[in-house]
Amino acid sequence: MKVPRLTGRALTAARLAAEAPGSSAALREVMKRSLGIDRLASLPDAFRDDVPAEARPLQAAPPRRWEDAGLGAPPVRDWPRPSVAYAAAYRRGATTPLRVAERALSALEALAAERPCMNIAVATSREATLRDADASTARHAAGRPRGLLDGVPLLVKDEFDVEGLPTTLGSPCGPQPPAPRDAAVVARLRQAGAVFLCKTVLTEWGMSPIGNSVHQRMPHNPHHKERAAGGSSTGSAVGVALGLAPLAASGDGGGSIRAPAALNGVFGIKPTFGRVSRAGDGFKGSVAHAGPIASSTADLARFLDAVASEPDPDDDLTAWAPPPPPGGFGARLGAGVRGLRIGVDEAEWRDASTPVASVCWGALRALEREGATLVDVKIPLARHAASIGYLVIGPESLAAFQRAWREQRDLISEDLRVTFSLLSGVTALEQIDAARLRAGMRREVARALAGVDVLALPTTAITAPRYAQAEEGRAFLDPIALDGMCRFAFLGNLTGLPAGTAPVGVDAERLPIGLQILGDAWDEAAVLAVLAHLERSELASARRPPGAIDLLEVPDPIESKERSR
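Residues numbered from 1 in each chain as written. Predicted model: local features only at pLDDT ≥ 70, side-chain atom pairs only at ≥ 80, totals over all residues. Heavy atoms only, no water.

Asker: How would you explain the nonpolar core if you had to name every residue and give the values?
Answerer: Core analysis: the biggest nonpolar cluster contains 169 residues, and Leu-189, Trp-205, Leu-244 and Ile-342 have the highest contact counts within it. Those residues within four positions of Ile-342 in sequence are excluded, and the remaining contacts are Leu-364, Leu-367, Ala-372, Thr-373, Leu-374, Val-375, Val-452, Val-454 and Ala-456. Counting seven residues, the second-largest nonpolar core is a separate cluster that includes Ile-210, Met-218, Ala-228 and Ala-481. (Core = buried A, V, L, I, M, F, W, Y, C linked by side-chain atoms within 4.5 Å. Buried < 20%, exposed > 50% of the residue type's maximum accessible area, 1.4 Å probe, protein only. Contact = heavy atoms within 4.5 Å.)

Asker: Got a sec to walk through the sheet that holds strand E2 (residues 121–123)? Specific residues and values, please.
Answerer: Pairing is mixed across the open sheet formed by eleven strands, whose spatial order is E2-E4-E3-E5-E7-E6-E12-E13-E10-E8-E9. If you trace the sheet from one side to the other, it starts and ends with E2 and strand E9 (373–376), each paired once. Averaged over all adjacent pairs, the angle separating strand axes in this sheet is 35°, with direction ignored. Pairing of strand E8 (residues 341–344) with strand E10 (residues 454–458) involves two bridges; the strand directions are parallel. Counted as the bridge partner of Ile-342 is Val-454 from E10. (Pairing = 2+ DSSP bridges. Helix = DSSP H or I, 4+ residues; strand = E, 2+ residues; numbered from the N terminus. Axes fitted to C-alpha atoms, helices over the stretch in contact; angles between N-to-C directions.)

Asker: Before we move on, could you go through the packing of aromatic side chains and cite the residues and values that matter?
Answerer: Counted under the stated rule, the structure contains eight aromatic pairs. Taken together, a centroid distance of 6.2 Å and an interplanar angle of 50° make the contact between Phe-273 and Trp-320 tilted. In this pair, Phe-273 is assigned in the loop between strand E6 (267–270) and strand E7 (289–294) and Trp-320 in the loop between helix H9 (297–307) and E8, connecting sequence segments 47 residues apart. Grouping residues by exposure puts Phe-273 and Trp-320 together as buried. Three or more aromatic residues joined by ring pairs make a cluster, and in this case those are Trp-205, Phe-401, Trp-405 and Phe-420. Its guanidinium or amino end placed over the ring of Phe-476, Arg-5 lies 4.1 Å from that ring's centre, counting from NZ or CZ. (Phe/Tyr/Trp six-rings, centres within 6.5 Å; stacked < 30°, edge-to-face > 60°. Lys NZ or Arg CZ within 6 Å of the ring centre and 35° of its normal.)

Asker: Go over the state of the cysteines with me, naming the residues and quoting the values.
Answerer: One pass over the structure, following the stated rule, counts zero disulfides. Cys-117 provides the cysteine sulfur closest to Cys-198, a residue in no disulfide bond, and the two sulfurs are 13 Å apart. We classify Cys-198 as buried; its relative accessible area is 0%. With no disulfide of its own, Cys-360 has Cys-486 as its nearest cysteine by sulfur position, at a separation of 17 Å. By relative accessible area, Cys-360 is classed as buried at 0%. (Disulfide = S-S within 2.5 Å.)

Asker: Describe in detail the environment of Ala-331, supporting the description with residues and values.
Answerer: Counting through the fold element by element, Ala-331 comes out in the loop between H9 and E8. The exposure class assigned to Ala-331 is partly exposed, which follows from its relative accessible area of 37%. Spatially, the C-alpha atom of Ala-331 lies 19 Å from that of Leu-247, the residues being 84 residues apart in sequence. Those residues in contact with Ala-331, other than ones at most four positions away along the chain, are Asp-68 and Pro-326.

Asker: Can you tell me about empty space enclosed by the protein, naming the residues and giving the values?
Answerer: Under the definition given, this model contains seven cavities of 30 Å³ or more. Lining the largest cavity are Gly-343, Val-344, Asp-345, Glu-348, Val-377, Ile-379, Ala-382, Leu-455, Ala-456, Leu-457 and Leu-491. With three residues, E10 is the largest single contributor of residues to the lining of the largest cavity. Taken together, the residues that form the lining of the largest cavity break down as eight nonpolar, one polar and two charged. The space that makes up the second largest cavity amounts to roughly 50 Å³. Around the second largest cavity, the lining residues are Pro-271, Thr-272, Phe-273, Gly-274, Arg-275, Val-276, Arg-278, Ala-288, His-289, Ala-290 and Leu-317. (1 Å grid on protein atoms, 1.4 Å probe; cavity = no way out; pocket = protein on both sides within 12 Å on 5 of 7 lines; lining within 4 Å. Points joined across faces, edges and corners; volume = space filled by probe spheres on them. Nonpolar A, V, L, I, M, F, W, Y, C, P; charged D, E, K, R; others polar.)

Written as structure tokens, this is what we have:
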């Protein structure tokens with residue numbers, strides 16, 4: 001039984017039922033059946049393992065390196081504009097970081113005025129942006145840029161601290177004082193010369209993968225204004241897709257990088273758990289990862305080079321991470337795929353919609369023709385990953401925000417009140433059993449990766465769900481769309497393994513579709529190598545959506561004059 005989308009009076013009735021002691025248990029059982037949670041208790045005991053003392057990812061084998069074809073990084077295309085295009089424009093004197101920043105800030109204001117809503121920003125610091133852009137302009141003028149990211153616009157999801165701005169996590173619940181310092185990810189990117197543009201909108205406490213919220217003005221999908229943009233890194237993905245920045249600092253607890261990247265037709269990667277510091281990140285727990293959404297595979301690698309090249313003393317988890325690969329995270333972007341072994345569990349793919357499965361299989365067959373080998377693997381617990389994931393991220397989130405849940409409940413949206421009310425009834429037995437199944441899943445995936453280089457899955461089971469203009473600012477609960485977004489995401493979060501997405505095609509309505517590549521622990525380089533070859537072979541490309549903004553394009557003087565009137 002699948003629960004349909006609930007909104008308006010139906011959602012209010014569901015909220016009242018969820019919060020009433022007499023009816024909450026019955027509604028909880030309905031939701032468990034809808035999300036497959038009811039099936040977990042009956043799984044064989046052999047699927048379970050002891051709960052590990054720590055969430056350190058399991059490494060299946062030492063990194064295997066198929067022969068490097070020496071193809072170089074994927075070529076730079078006219079769209080979207082990667083960081084290397086900004087660096088080249090600055091070097092030629094075609095523009096400056098200051099002019100780019102000014103245009104980007106103006107573009108943010110224009111997007112905020114569009115209808116249907118295309119707003120991506122929740123907070124800006126114009127003074128800080130122009131200050132950093134001016135400093136970058138001076139470095140370029142002196143011939144001493146800090147690297148390819150110097151002067152490049154940067155979007156930051158509003159889960160990371162930015163000095164002087166509050167971190168809302170998509171919620172009005174407080175207090176929300178200005179952050180005294182940058183999060184580690186933001187600080188390292190700024191040190192590399194990136195210019196902070198804005199904090200981007202996200203769903204409430206990151207709990208919706210669809211992209212709707214009553215608390216922030218959420219954008220529609222730039223490829224189809226009647227569809228959602230995914231979440232929770234909604235503004236980050238839309239901003240990259242529209243050309244506001246070539247990269248965005250984002251987070252992923254259950255697909256929140258990969259799902260919106262896929263729905264908006266751009267690239268993203270969730271690194272290995274512990275690879276990127278979460279100091280100054282408002283989301284913690286055992287499944288939340290910090291990582292990038294970007295316009296290209298090379299920019300995913302450059303992001304990781306900037307933020308993950310050494311451990312952070314303020315985040316003990318980063319002590320687990322081995323040093324980056326020699327030459328950096330992009331060292332194998334030109335490796336090609338000849339000799340690559342890609343694990344595919346065909347049973348897993350049956351839950352993907354026909355358009356998604358068809359497009360993703362087409363990309364895999366193309367890789368096979370170019371020398372990769374598709375290897376049949378079996379991961380029986382993978383089909384239950386989302387159900388297990390709901391029992392992990394849900395209680396962790398409720399515990400993290402329990403004070404607001406107790407004291408500021410009236411500020412929480414009705415859809416999340418339903419979710420948290422039901423989660424409050426999850427038993428200790430159910431949580432521990434989910435943890436044991438998670439441990440068994442980690443073991444299964446490690447066994448599968450012992451014989452292959454990467455695993456391949458669709459990024460989402462469906463393309464962008466509907467999100468009409470009339471639904472802006474309205475709460476709705478949609479378990480079917482939620483499951484479609486998360487169905488293939490939680491395998492990466494529960495294991496902590498690196499997982500990236502590339503835009504490999506579109507459906508009949510021109511909605512983007514993502515192919516997901518999952519690698520062994522600490523082997524982001526292998527994931528990026530596959531994404532890069534998809535990009536190089538034009539199997540993956542970020543299509544320019546209507547309303548896209550080219551910050552490097554020289555404005556037409558007449559057109560600019562007309563706009564200023």
